[in-house]
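Descriptive analysis of the structure
The lines below spell out each chain.
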Amino acid sequence: MDRSLALILLLGAMLASPGQAAPLCADPGAEGVASPGGVINRYFAAPDGASLQAGQRDIPLGPARGVGNLHPGDLLLLWQVQGAQMIAANDHRYGVTASQAGQFEWLRVEQAGPQRVRVRGAGVDGGLLHDYPFREPPGARQVTAAGAGPVPTLARWQLVRVPQYEQATLAGDLRPLPWDGQSGGLLALDVRRGLRLAGYSLDAGGAGFRGGAGLALHGALATAGDYRYPAPGRAELAAGYGQHGSKGEGFAGTPRWVWQDGTVPDTRPEADRRGVGDGYPGGSMARGAPGNAGGGGNSPLQGGASGGGGGAGGEPGQAGGADGGLGGAAVAAGLPVLMPGGGGGAGSPGGGVHNAASGGAGGGVIVVRAGQFPVDDTGTVSVRGAAGLPGADAAGGGGGGGTLLLMAGDGQPVPWQLQYEGGAGGKAPAPGGAGGAGRLPAVAGEMGETGVAPGFVCQPAGTLISGRIEALAQQGQAVTGLPGWPLQVTDAAGRLLAEAATQGTGEFRLRLPERYAGTDLHVRAPVPMGWQLAAREPARWVDGQGWRLPAGTETAYTGLRLQLLREGRLEPPPPRVVAPGATELLPFRYQAGSDSQVRFHYVPPAGAEWPHALLLDPTCRGESLYQDLSQSRWLPVEAGAAVCVRLRLRVPQDTTAVEEALFTLQAESRSPATGVTLPRQEASVHVLVIGHD
């Protein structure tokens, strides 16, 4: 069998095959060759009370910030920034149970007006793929009614205009407008050809969720073990009446008092009215950590201090010192969500000069889709969290690192310095906890596209080849990506033109320059011993050597898939010396490579038709549950699990000399999920019979 098999084209070539559905595109390269610097995005907040439903195409626009007006063909990113369910019990059960925050999709502008925009997305009838709720935080009555059950938290979405460059070389640092509770916190750009930082930076450090404000409070009616407590109102704050430190901001809500650009804005002045929530269920003060936000330090009744908890990124935040605020909970790096770093909690007591003990802001989000990141380029990409502020007695927690999503059409490594650390905790006798490091769900590979495709896919410069290499039937999962799998693209003469390896989820992406237009490309992925091809498209198979794809100047082949099954392994027992008349059990062990069914065949040596049986032990626990003869029944087995079979042989009594025989067992396996029958595995054991003299 030829082991240099090519990629299985299951979805076809997006632009090269007639009848193939074209990608959803905006207007790639519409803003030409550019040298941007500063702020490049425009942010539209969600209007009050405006929730969006899947399938919707008209989106209302709230207050706008940033640069750029909307026009037909523009690229938009719709993003659910906040929204969760959480338990608001005032004890160790306090915390988030589910989250809708972080989901996003790419849209194209069809019509633009001053108050709403009509879009085309990848949902039903060109509408949205997901729901995007807008919610105010629950009030005291709703929290009380929920008891120990979950309650919905504050929810906010925003719409972001993303520039579409033909090619970009930075003329200065790019940065987003910081998140202000309504919009911002995201830097995004789409480049059809190459993006060059030229020594500058993409900097969203400290642009994410805000830290809790350090407040000068002298005490109230709280208890030392509180996980949540109401924030002081305006008059109470002026009088110093209140207790504990403020929680940081995160995907589950916004505390009433935050630290923002050296000020302490009141985010919920309406909470002065009885029964109105102050930003988090049950209150936005005290040590409980809501989602990825750090908890505030608790104020012991007898005096003393405690630090604020660190916000979280892809790693959890650390707790504040002196039994202080808890650290925020991590958001798994593998989730395809855009998540700013959580804000750090404030220490307690705080306030005083420069609002001591305030928490640091989390890092923002950076999304880049570009045809190429030049390998000789230099620069920095940062979503670091900000440090917590120090204090005389207590300090604030650091902000969590944000999220980096960097996709290059050529699949090559990112040449820049990546910074996604959490912020340091503030220094004090009761220090703040450090923020957790940020998230890199995808760098230079596929990142789970939803909606409008990147410019380099819609109108590639040269030839784009992308897809996925997968293992089938692995421990109950129908499809599992295979990371680190090598690929090569050669011309008809065998000269190497490009090579890459699959990313963590099995995706790959290669781009060949326009100079190869007209070249017959051969795309190969080696299939090593122990693996079997599960499917292929014979119409594109060439001489058993691979897929032949013609290169072009603006050609894309996407959705290539190589689907494989891992073979099992049959292990024999060691050689055996037996005596005439003996009954011997020869144990064989079959290790499954894929979720499959297996049965065994006994192959006796010529001239040694000894009485025999197959004793089946489906779990290798030493229990023979079934007995068959030369061919066993089918047994189910999961990938990685083992099935044992003992070959029972009765040695003839009349053996009178030294005899040696080779006894063989074959394992036949098949994959019901794919309909593929795998090659038989064979194993043999040497048996030496010492007869009577």
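Please read all numbers here as calculations on a predicted model, not as lab measurements.

1. Brief notes about the overall build of the protein chain
Looking only at helices and strands, one finds 3 helices and 42 strands in the protein chain. In the protein chain, which comprises 693 residues, the share counted as buried stands at 58%. Across the protein chain, every contact between residues at least 6 apart in sequence was considered, and the portion connecting residues at least 24 apart equals 76%.

2. Structural notes on the nonpolar core
Of all hydrophobic cores here, the largest spans 32 residues; its most connected members are Leu 77, Trp 106, Leu 186, Phe 251, Leu 338 and Val 367. When contributions to this core are tallied by element, the ones reaching two or more residues are β5 (75–82), β6 (84–87), β8 (104–112), β11 (156–162), β14 (186–196) and β18 (365–372). Top contributing element to this core by residue count: β5, with 4 residues. If near-sequence neighbours (up to four positions away) are discounted, Phe 251 is found in contact with Val 81, Gln 82, Gly 83, Ala 84, Val 96, Ser 99, Ala 101, Phe 209, Gly 291, Asn 292, Val 331 and Met 339. Ranked by size, the runner-up nonpolar core spans 28 residues in total, among them Leu 614, Val 651, Phe 663 and Val 685.

3. A few points about the pattern of salt bridges
Note on pairing: side chains with opposite charge can pair once their charged atoms come close. One pass over the structure, following the stated rule, counts 31 salt bridges. The partner of Glu 136 in a salt bridge is Arg 268, with the nearest N and O atoms 2.7 Å apart. Of the two residues, Glu 136 sits in the loop between β9 (116–120) and α1 (140–146) while Arg 268 sits in the loop between β17 (258–259) and β18, which places them 132 residues apart along the sequence. Here Arg 192 makes a salt bridge to Glu 554, at a shortest N to O gap of 3.8 Å. Of this pair, Arg 192 sits in strand β14 while Glu 554 sits in strand β32 (residues 554–566); the two residues are 362 residues apart in sequence, bridging distant segments of the chain. What makes Glu 554 partly exposed here is its relative accessible area of 37%. The structure contains a network of salt bridges with shared partners spanning Glu 166, Arg 192, Arg 193, Glu 514 and Glu 554.

4. As for the sheet that holds strand β37 (residues 612–617)
Taken in spatial order, the 5 strands of this open sheet run β33-β35-β40-β37-β38, and their pairing is antiparallel. Strand pairing shows two members of the sheet lacking a second neighbour, β33 (569–571) and β38 (626–628), which therefore form its edges. Ignoring which end each strand starts from, the neighbouring axes of this sheet average 25° apart. The sheet contact formed by β37 and strand β40 (residues 642–650) spans 6 bridges and is antiparallel. By the bridge assignment, Ala 613 is partnered in β40 with Arg 648.

5. Notes on the confidence of the model for the protein chain
Taken over all residues, the pLDDT of the protein chain has a mean of 89, while the share at 70 or more is 92%. Here residues 1–20 scores under 50 on pLDDT; set against residues more than four positions off or in separate chains, the count is 79 contacts.

6. Remarks on the sheet that holds strand β21 (residues 417–419)
Here 3 strands make up an open sheet; going across it, the order is β15-β19-β21 and the pairing parallel. Each edge of the open sheet is held by one strand with a lone partner, namely β15 (201–203) and β21. Strand-to-strand twist in this sheet, taken as the mean axis angle between neighbours without regard to direction, amounts to 10°. Of the strand pairs in this sheet, β15 and strand β19 (residues 380–382) are connected by 3 bridges, and their pairing is parallel. Paired with Asp 203 across the strands is Ser 382, a residue of β19.

7. Comments concerning the environment of Asn 41
Within the secondary structure, Asn 41 sits in the loop between β1 (33–34) and β2 (42–45). With 146 residues separating them along the chain, Asn 41 and Leu 187 place their C-alpha atoms 6.9 Å apart. If we ignore the near neighbours within four places in the chain, the residues touching Asn 41 are Arg 65, Gly 66, Val 67, Val 160, Arg 161, Val 162, Pro 163, Leu 186, Leu 187 and Ala 188. At 2.9 Å, the side chain of Asn 41 forms a polar contact with the backbone oxygen of Ala 188.

8. Some thoughts on unusual backbone geometry
For the bond running from Ser 348 to Pro 349, omega is 0°, close enough to zero to count as cis. Relative to the elements of secondary structure, Pro 349 occurs in the loop between β17 and β18. Here the phi dihedral of Asp 125 falls at roughly 55°; this positive angle occurs in a residue that is not glycine. You will see that Ala 357, though not glycine, has its phi angle at about 75°, which is positive. Along the polypeptide, Ala 357 turns up in the loop between β17 and β18.

9. Some thoughts on the pairing of β11
Where burial is concerned, most of β11 is hidden: 7 out of the 7 residues are buried. In β11, alternate side chains face the same way, and those of Arg 156, Gln 158, Val 160 and Val 162 on one face and Trp 157, Leu 159 and Arg 161 on the other are all buried. Where β2 and β11 come together, 4 bridges link them in antiparallel fashion. If you follow Phe 44 over to β11, its bridge partner there is Leu 159. Where β5 meets β11, 7 bridges bridge the pair, whose relative direction is antiparallel.

10. So, the packing of aromatic side chains
A full pass over the atoms with the stated rule returns 5 aromatic pairs. Note on Phe 373 and Trp 416: the rings are 4.6 Å apart at their centroids and 50° apart in plane angle, and the pair reads as tilted. Taken together, the positions of Phe 373 in the loop between β18 and β19 and Trp 416 in the loop between β20 (403–408) and β21 put the pair 43 residues apart, joining distant regions of the chain. Positioned over the ring face of Tyr 227 is Arg 287, at 5.4 Å from the centre of the ring. Seen from the ring of Trp 634, Arg 670 lies directly overhead, with NZ or CZ sitting 3.8 Å from the centre.

11. A short note on the state of the cysteines
What we call a disulfide is simply a covalent bond connecting the sulfur atoms of a pair of cysteines. Under the defined criterion, the tally for this structure stands at 2 disulfides. Here Cys 25 connects covalently by a disulfide to Cys 458, the sulfurs 2.0 Å from one another. Classification of the bridge connecting Cys 25 and Cys 458 rests on its S-S torsion, roughly -105°, and on that basis the disulfide is left-handed. Highlighted residues: Cys 25 in the segment before β1 and Cys 458 in helix α3 (residues 455–458), separated in sequence by 433 residues. In this model, Cys 620 is linked to Cys 644 through a disulfide, with the two sulfur atoms separated by 2.1 Å. One disulfide, between Cys 620 and Cys 644, carries an S-S torsion of 105° and so falls in the right-handed class. Within this pair, whereas Cys 620 is found in the loop between β37 and β38, its partner Cys 644 is found in strand β40, the two being separated by 24 residues in sequence. Across the protein chain, the way the bonded cysteines pair up, counted in sequence order, is 1-2, 3-4.

Basis of the calculations
The numbering scheme is per chain: residues are counted from 1 as the chain's sequence reads. Whole-chain, interface and lining totals are the exception, using all residues; otherwise, since this is a predicted model, local features are given only for residues with pLDDT of at least 70 and side-chain atom pairs are given and counted only at 80 or more. Excluded from the side-chain calculation are hydrogens and water; included are all heavy atoms of the structure. Only DSSP runs of H or I reaching four residues or more are called helices, and only runs of E reaching two or more are called strands; each is numbered from the N terminus. Residue exposure (1.4 Å probe, protein chains only): buried if accessible area is under 20% of the type maximum, exposed if over 50%, otherwise partly exposed. Contact criterion: two residues are considered in contact whenever any of their non-hydrogen atoms come within 4.5 Å of each other. Only buried residues count toward a nonpolar core, which is a set of Ala, Val, Leu, Ile, Met, Phe, Trp, Tyr and Cys residues joined through side-chain atoms within 4.5 Å. We define a salt bridge as a contact between a side-chain nitrogen of Lys or Arg and a carboxyl oxygen of Asp or Glu at a distance within 4 Å. Only strands that DSSP links by at least two bridges are regarded as paired with each other. Only the stretch in contact is used when a helix axis is fitted, and all axes are lines through C-alpha atoms; the angle between N-to-C directions ranges over 0 to 180 degrees. pLDDT expresses how confident the predictor is about each individual residue, on a scale running from 0 to 100. Pairs of N or O atoms are called polar contacts if they sit within 3.5 Å, as long as, within protein, a hydrogen donor faces a hydrogen acceptor (for residues adjacent in sequence, only side-chain-to-side-chain pairs). The criterion for an aromatic pair is that two Phe, Tyr or Trp rings (for Trp, the six-membered ring) have centres within 6.5 Å, with stacked assigned to planes under 30 degrees apart, edge-to-face to planes over 60 apart and tilted to the rest. We count a charge as sitting over a ring when the NZ of a lysine or the CZ of an arginine lies within 6 Å of the ring centre and within 35 degrees of the ring normal. Criterion for a disulfide: a pair of cysteine sulfur atoms at a distance within 2.5 Å.

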